[in-house]
Amino acid sequence: MKTKYILGIFAVFCLLLSGCKVGNVASSQGLSDQAFLFFTSTHKYSTPVSVTIDKTTHFDAKVVKEGKHTVKGDTYAVATGKRHVVVSYQGKILFERDVFLSTQETKKIALP
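*Asks:* So what exactly am I meant to see when it comes to the overall build of the protein here?
*Replies:* Along its length, the protein carries one helix and eight strands. Ordered by position in the sequence, the α and β elements of the protein form the string α-β-β-β-β-β-β-β-β. The proportion of buried residues among the 112 residues of the protein is 27%. Partitioning the contacts of the protein with sequence separation of at least 6, the portion at a separation of at least 24 is 59%. Surface exposure of the protein reaches about 8,500 Å², of which carbon and sulfur atoms provide 58%.

Structural data, given as structure tokens:
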């Protein structure tokens, strides 16, 4: 009888301890699998440039005028890996090149 009583108390004690939070729990997440493009030029563009990536993704991008103290302006998230980037303005191709983008890399593309 005593052993059943002691086992019952032990079981209740174990259940009570299993519900307690012990210490701090840290959560770590990996870096998101994307890279960024940043467009600069010494020339001021009145309208955004047209950007095509791998002939499938199209978007308009704002070009930041480059100076001595250029601060990052608008960055555009793209998938990582080898990408074919074409930048055009008013029908003229300003930049066309294959670039390799790694995770969380910001690639500066200097336009004429």
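That shown, we press on.
*Asks:* What is the right way to read the environment of F59 from this model?
*Replies:* Here F59 lies in strand β3 (residues 57–61). Residues F59 and P48, eleven residues apart in the sequence, show an inter-C-alpha distance of 9.5 Å. With residues near it in sequence (within four places) discarded, F59 still touches F39, V49, S50, V51, I53 and Y76.

*Asks:* Would you take a moment to explain the packing of aromatic side chains for this structure?
*Replies:* Each aromatic ring pair is specified by the distance between its two centres and by the angle formed by the two planes. This model, assessed by the stated rule, comprises three aromatic pairs. Here F39 and Y76 contribute two aromatic rings whose centre-to-centre distance is 6.0 Å and whose plane-to-plane angle is 50°, an arrangement assigned as tilted. With F39 in strand β1 (residues 34–41) and Y76 in strand β5 (residues 75–79), the pair connects residues that are 37 residues apart, well separated along the chain. Here the two residues F39 and Y76 agree in accessibility, since each one is buried. Ring geometry for Y45 and Y89: centres 4.7 Å apart, planes at 80°, overall edge-to-face. Highlighted residues: Y45 in the loop between β1 and β2 (49–53) and Y89 in strand β6 (residues 81–89), separated in sequence by 44 residues. Neither Y45 nor Y89 differs from the other in exposure class; each is buried. An aromatic cluster of three or more residues is present, and its members are F39, F59 and Y76.

Parameters at a glance
Residues numbered from 1 in each chain as written. Predicted model: local features only at pLDDT ≥ 70, side-chain atom pairs only at ≥ 80, totals over all residues. Heavy atoms only, no water. Helix = DSSP H or I, 4+ residues; strand = E, 2+ residues; numbered from the N terminus. Buried < 20%, exposed > 50% of the residue type's maximum accessible area, 1.4 Å probe, protein only. Contact = heavy atoms within 4.5 Å. Areas by Shrake-Rupley, 256 points an atom, 1.4 Å probe, with all protein chains shown as cover. Phe/Tyr/Trp six-rings, centres within 6.5 Å; stacked < 30°, edge-to-face > 60°.

Worth remembering: the numbers are spatial, not functional.
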